[in-house]
Amino acid sequence: MLKAIAMSYGRSRLLLGMTAVGLITLTAVILLVSQAHIRILPETKTQGLWEFLLLLTVVSFWAVLLLPFDFFGGYFLPRHFCRAAPGLPNFILSWARGTIVQMTLITSLMWCLLQIGQILGHVAAISFIIVTHIGLLAFQKHVAASVAHLPMKPARLDRDSGVVSGYAESAHTDSGFTGSIVGLPGFEEVVLPRSWRSQLAPEQLRAELVRRLGAIRSGSRTRGVLLAIAMN
């Protein structure tokens, strides 16, 4: 009976991710309906450094809210399912690095958006959002590398796997890392885990490359990016 209800590593990570997204969404809905965050925020207008610190406090709350999910997904589950995982000290250091970089980036962008909106109005604020998205897309690989410490190098040419220019390989200790498609539309680059060269057969690696190339050439990746920007 226990074997029948036991979940695999993949299903466990999927359930964990769905729970995290559900918690964030539910928390946002509760705050919007109850307006509880309005009562928590100071009544006096805050500007400059104090406004930055207030935003940093809110983002820190978000990081603390997600901390259990980071721990279970990045440390507990891989060890529970006998997957490669860093030791606890290395995990804490990596988590702290990524969290600090991401919190600083998010808080800085939010603060700049507020200043531009307050000084120049809504049109300038929307323009800043668009420019910010373009910049984040253009430097997407570099942002990821700074958050997660992803050392990258161009993939070597390999006739068997079909690797060509426009690809990069990255090493990461997380066995769940699968790479991505990064860059502005028309200048995309595929990032692949370096470990796939030893873990996948040539035809399997070629299939992953073809699938991602298909997402680029069909325009589905571009449409997804534009939809995400429009939602923001």
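Refer to the structure printed above.
Residues numbered from 1 in each chain as written. Predicted model: local features only at pLDDT ≥ 70, side-chain atom pairs only at ≥ 80, totals over all residues. Heavy atoms only, no water.

Caption draft 1: Looking closely at the pattern of salt bridges. Applying the stated rule across the entire model yields 2 salt bridges. When the shortest N-O distance is used, the salt bridge between Glu189 and Lys141 registers 3.0 Å. Residue Glu189 is found in strand E4 (residues 189–193), and its partner Lys141 is found in helix H7 (residues 140–148); the two are separated by 48 residues along the sequence. In this structure, Glu189 and Lys141 share a single accessibility class: buried. Across the salt bridge formed by Arg211 and Glu208, the nearest N and O atoms sit 3.2 Å from each other. Note that Arg211 and Glu208 are positioned in helix H9 (residues 202–217) at a spacing of 3 residues, about one turn of the helix. (Salt bridge = Lys/Arg side-chain N within 4 Å of Asp/Glu carboxyl O. Helix = DSSP H or I, 4+ residues; strand = E, 2+ residues; numbered from the N terminus. Buried < 20%, exposed > 50% of the residue type's maximum accessible area, 1.4 Å probe, protein only.)

Caption draft 2: Broad picture of unusual backbone geometry. Unlike most non-glycine residues, Gln35 shows phi in positive territory, near 60 degrees. On the secondary structure map, Gln35 appears in the loop between helix H2 (9–34) and helix H3 (36–40). Owing to a relative accessible area of 35%, Gln35 belongs among the partly exposed residues under this scheme. The backbone phi angle of Cys82 is positive, close to 55 degrees, even though this residue is not glycine. Judged by relative accessible area, Cys82 falls into the exposed class, the value being 71%.

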